[in-house]
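Take a look at the letters that make up each chain.
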Amino acid sequence: MPTESASCSTARQAKQKRKSHSLSIRRTNSSEQERTGLPRDMLEGQDSKLPSSVRNTLLELFGQIEREFENLYIENLESSHSTSQLSQKLKTTYKASTSKIVSSFKTTTSRAACQLVKEYIGHRDGIWDVSVARTQPVVLGTASADHTALLWSIETGKCLVKYAGHVGSASGDQTAHIWRYAVQLPTPQPVADTSQISGEDEVECSDKDEPDLDGDVSSDCPTIRVPLTSLKSHQGVVIAADWLVGGKQAVTASWDRTANLYDVETSELVHSLTGHDQELTHCCTHPTQRLVVTSSRDTTFRLWDFRDPSIHSVNVFQGHTDTVTSAVFTVGDNVVSGSDDRTVKVWDLKNMRSPIATIRTDSAINRINVCVGQKIIALPHDNRQVRLFDMSGVRLARLPRSSRQGHRRMVCCSAWSEDHPVCNLFTCGFDRQAIGWNINIPALLQEK
């Protein structure tokens with residue numbers, strides 16, 4: 001009995017010793033066991049003089065060492081990442097600060113080179129489109145959601161003719177009308193100097209602070225109610241129209257996802273241009289060639305070629321991520337597109353894969369226009385601003401806007417009139433007014 005008791009006591013002490021030794025080693029989770037499983041299997045398959053308990057202990061210890069090194073490695077990576085983030089943040093802050101300083105100088109230049117000359121007030125609702133006649137007499141035209149189109153004297157700001165033949169706003173009656181006008185331009189009055197009006201270029205103004213429209217300015221001018229020709233083929237709102245070179249054909253763009261080419265003399269539909277997946281937003285024709293470009297809410301714009309009567313080819317441009325609000329031809333083989341994705345892109349028709357220049361802004365862009373002679377793009381924005389860029393993407397100016405001048409709501413459209421001595425740029429918007437600007441282009445280009 002004493003002998004058995006002694007042997008049991010010795011065995012119990014050895015067992016407790018092994019247990020205390022095993023407790024000093026940290027347990028591993030299942031994933032850690034999986035990671036160490038491969039070395040253990042490899043060691044078990046080898047001839048070793050070590051007892052299995054010792055080998056297992058060594059494997060666990062080496063696993064702990066590996067995990068410690070792994071944790072140190074991860075900490076070093078995170079430290080390196082945070083350092084690069086701090087460096088990038090410093091760079092961004094420095095760039096923003098210097099850009100703000102540069103912008104302050106450009107704002108001063110803009111006030112001197114860009115002056116508001118005339119406000120054309122008379123519409124009862126927002127103005128969607130503005131354009132300048134290409135032939136004499138040179139007049140300003142505006143189209144509004146109040147169901148009317150007005151012609152204006154550029155110099156005096158007087159309404160010359162009202163067209164009231166549509167029954168819906170912006171051709172909401174699904175038709176395009178052609179009408180003739182005869183106007184006698186009034187004697188120009190001296191233009192008031194408005195260059196000193198803007199002392200606070202960025203003063204915010206309420207949407208309700210709009211032009212005084214108590215009296216209908218257009219009520220005194222002649223009114224035309226019957227068109228010469230009505231172009232009917234669309235099944236949705238007609239949102240834009242333009243003349244093909246030669247003046248014998250016209251193209252229209254509609255919310256029914258198509259553009260139509262008409263013979264003006266007979267009012268017959270010549271071609272229906274299909275392919276866009278969503279509503280069209282704009283159409284534009286080339287000034288000297290039988291080319292048409294259409295833009296759409298499907299994020300694309302398309303080039304239609306009618307130079308060969310037997311072949312009507314189409315090319316699709318994909319480069320925007322939101323609605324393409326307009327695309328217009330410029331000099332040479334270039335097209336400029338603007339989008340709700342806040343970018344403007346310049347394209348070469350010979351290489352459609354990627355734009356040759358991209359302008360990134362802080363607001364959605366509406367119907368752009370290009371000063372072809374000087375290669376300057378006018379960008380009307382949703383945020384009431386109008387900015388000028390060159391074709392390479394360099395910002396030239398921002399038109400002055402304050403509580404006493406400029407647009408008070410979204411700017412919808414811009415139009416250049418390069419040769420006009422008084423106003424060479426026009427803009428219109430949802431504040432129911434069109435504005436004529438004098439842009440000193442040589443001064444802008446000199447400061448570039």
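What comes next concerns the included structure. (Residues numbered from 1 in each chain as written. Predicted model: local features only at pLDDT ≥ 70, side-chain atom pairs only at ≥ 80, totals over all residues. Heavy atoms only, no water.)

### Comments concerning a nonpolar patch on the surface
Heads up, the condition is: The patches described consist of residues with a relative accessible area above 30% and no salt bridge, like charges being joined within 9 Å and nonpolar side chains (Val, Leu, Ile, Met, Phe, Trp, Tyr) within 5 Å. Surface accessibility follows the Shrake-Rupley procedure with a 1.4 Å probe radius. Residue values consider only the protein chains on display as shielding. The term salt bridge refers to a pairing of a side-chain nitrogen on Lys or Arg with a carboxyl oxygen on Asp or Glu at a separation within 4 Å. For the purposes of this entry, the term helix denotes a DSSP run of H or I that reaches at least four residues, the term strand denotes a run of E that reaches at least two, and both are numbered from the N terminus.
A surface patch of nonpolar side chains, about 750 Å² in accessible area, is lined by L50, V54, L58, L61, F62, I65, F69 and L72. Counting through the fold element by element, L72 comes out in helix 3 (residues 52-113).

### Side note on the pairing of strand 14 (residues 291-296)
Selection rule: Relative accessible area decides the class of each residue, using a 1.4 Å probe on protein chains only: under 20% of the type maximum gives buried, over 50% gives exposed, and in between gives partly exposed. What makes two strands pair is DSSP finding at least two bridges between them.
With six of six residues buried, strand 14 is to be regarded as a mostly interior element. Covered by surrounding structure in strand 14 are L291, V293 and S295 together with V292, T294 and S296, the residues of both alternating faces. As paired elements, strand 14 and strand 15 (residues 300-308) share five bridges and run antiparallel to each other. Within strand 15, the residue paired with V293 across the bridge is L303.

### Observations regarding the sheet that holds strand 15
How we decide: Note on geometry: axes are C-alpha line fits, over the in-contact stretch for helices, and angles between N-to-C directions span 0 to 180 degrees.
With antiparallel pairing, four strands are arranged side by side in an open sheet as 13-14-15-16. Strands at the two margins of the open sheet, each flanked by one partner only, are strand 13 (280-285) and strand 16 (311-318). Strand-to-strand twist across the sheet, computed as the mean angle between neighbouring axes with direction ignored, equals 20°.

### Section: the pattern of salt bridges
Going through the model one piece at a time under the given rule, you end up with six salt bridges. Among the salt bridges present, the one from D305 reaches R307, with a minimum N-O distance of 2.7 Å. Among the residues examined, R307 registers a relative accessible area of 46% and is labelled partly exposed. D362 is the partner of R387 in a salt bridge, and the nearest nitrogen-oxygen pair spans 3.2 Å.

### Topic: the nonpolar core
Let me state the cut-off plainly: We call a set of buried Ala, Val, Leu, Ile, Met, Phe, Trp, Tyr and Cys residues a nonpolar core when their side-chain atoms join them within 4.5 Å. Residues count as neighbours in contact if any of their non-hydrogen atoms are within 4.5 Å of one another.
Counting residues in each nonpolar core, the largest one holds 25 residues, and the members touching the most others are F301, F329, V336, I368, I377 and L379. Sorting the residues of this core by element identifies strand 14, strand 15, strand 17 (324-329), strand 18 (334-339), strand 19 (343-348), strand 20 (357-360) and strand 22 (376-380) as the ones contributing at least two each. No other element matches the four residues that strand 17 contributes to this core. Residues within four places of F329 in sequence aside, it is in contact with C284, T285, H286, P287, L291, V292, V293, L303, N334, V335 and L349. Listed in part, the 19 residues of the second largest apolar core include A378, V386, L396 and L425.

### Re the sheet that holds strand 11 (residues 259-263)
Strand order in this open sheet of four strands is 9-10-11-12, and the pairing throughout is antiparallel. One side of each edge strand has no neighbouring strand; the edge strands of this open sheet are strand 9 (238-243) and strand 12 (268-273). On average, each strand axis in the sheet is inclined to that of its neighbour by 25°, with strand direction left out of account.

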